[in-house]
Amino acid sequence: MKETIIFTDGASRGNPGKGGWGAIVCENDTVVELGGREDQTTNNRMEMMAIIEALKQVKSQAKIIVNTDSSYVVKGIREWIHGWEKNGWVTKGKEPVLNSDLWKLLKAQTAGRSIFWNIIPGHSGIPGNERCDVIATSYADSNPTTLFNGALHDYHTSLEIPAVLSMRTKKKSKSSEPAYSYISKV
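The rules behind the values
Every residue gets a number counted from 1 within its own chain, in the order that chain's sequence is written. Totals for whole chains, interfaces and linings use every residue, but because this is a predicted model, local features are given only for residues with pLDDT of at least 70 and side-chain atom pairs only at 80 or more, for both listing and counting. Hydrogens are left out, water is left out, and the side-chain values use all remaining heavy atoms of the structure. Take the buried residues of types Ala, Val, Leu, Ile, Met, Phe, Trp, Tyr and Cys, join any two whose side-chain atoms come within 4.5 Å, and each joined set is a nonpolar core. Buried means the residue's accessible area, taken with a 1.4 Å probe over protein chains only, is under 20% of the maximum for its type, while exposed means over 50%, and partly exposed covers the values in between. Only DSSP runs of H or I reaching four residues or more are called helices, and only runs of E reaching two or more are called strands; each is numbered from the N terminus. Two residues form a contact once any of their heavy atoms are found within 4.5 Å. Definition used for salt bridges: Asp or Glu carboxyl oxygen within 4 Å of a side-chain nitrogen of Lys or Arg. Only strands that DSSP links by at least two bridges are regarded as paired with each other.

This paragraph deals with the nonpolar core. General note: in soluble globular proteins, nonpolar side chains tend to be found buried as a group. Counting 31 residues, the largest nonpolar core has Ile 6, Leu 55, Val 66, Trp 103 and Leu 106 as the members making the most contacts within it. Listing elements by their share of this core, those giving two or more residues are β2 (17-27), β3 (30-41), α1 (43-57), β4 (64-68), α2 (71-86), α3 (100-110) and β5 (115-119). For this core, the element with the highest residue contribution is α1, accounting for eight residues. With sequence-adjacent residues up to four places away left out, Ile 6 is seen in contact with Ile 24, Val 25, Ala 54, Leu 55, Val 58, Ile 64, Ile 65, Val 66 and Asn 67. One finds Phe 116, Ile 120, Ile 126 and Cys 132 within the second-largest nonpolar core, a separate group that totals 13 residues.

This next bit is on the pattern of salt bridges. For the structure on display, the rule yields eight salt bridges. The salt bridge involving Lys 56 is made with Glu 53; its shortest N-O contact spans 3.2 Å. Placement of both Lys 56 and Glu 53 in helix α1 is noted, with a separation of three residues, approximately one turn of the helix.

So, about unusual backbone geometry. Following Asn 15, the chain continues to Pro 16 via a peptide bond in cis, the omega torsion being 20°. For Pro 16, the location among the structural elements is in the loop between β1 (4-14) and β2. One non-glycine residue with positive phi stands out, namely Asn 28, at about 55°. Relative to the helices and strands, Asn 28 is located in the loop between β2 and β3. Owing to a relative accessible area of 53%, Asn 28 belongs among the exposed residues under this scheme. In this model, His 123 sits at a positive phi of 50°, which is unusual for a non-glycine residue. Secondary-structure assignment places His 123 in the loop between β5 and α4 (127-140).

Take the pairing of β4 next. In terms of burial, β4 is a largely internal element, five of the five residues being buried. The side-chain alternation of β4 yields two buried faces, one formed by Ile 64, Val 66 and Thr 68 and the other by Ile 65 and Asn 67. With four bridges joining them, β1 and β4 adopt parallel strand pairing. Directly across from Thr 4, in β4, lies its bridge partner Ile 64. Pairing analysis gives five bridges linking β4 to β5, with the strands arranged parallel. When the sheet's bridge partners are listed, Asn 67 is paired in β5 with Asn 118.

This is the structure:
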């Protein structure tokens with residue numbers, strides 16, 4: 001089974017301000033670009049919306065690779081969400097979790113799926129990330145770019161990532177990772 005490749009990005013003109021999100025979903029040799037906007041939002045919300053909407057498009061049960069420049073989303077879904085949920089969506093500081101509505105949607109979209117989270121550096125020349133930035137900013141500016149929907153061989157943007165720029169992290173919660181320790185004789 002082939003893997004599904006996703007690129008995402010979010011943008012906000014002011015934080016909060018007008019925002020947009022962009023995503024690319026490559027599944028079964030088909031590429032679909034997605035975009036959307038909100039009038040009053042934050043960059044983090046737009047980063048999350050891009051991933052949520054991209055995951056909604058995935059139909060296959062193949063492994064999914066999500067490429068994002070948002071360490072906030074990756075850390076949130078891999079680490080923080082478990083404690084938030086356990087504590088009734090309240091932080092350790094007894095404050096309501098920001099964006100809990102979107103964290104709940106994201107958790108629902110990731111449930112039962114094999115997802116690999118790949119944190120990529122933003123604005124570093126990675127074509128998939130750069131294209132998502134164009135989509136997100138065009139929506140934030142209320143001037144949406146034309147979105148592609150068609151065969152991979154007709155797609156104008158490379159979906160490759162130079163190995164030196166990839167910081168792939170496997171989806172696991174802290175509690176399910178194997179213990180790491182060492183003994184040192186001094």
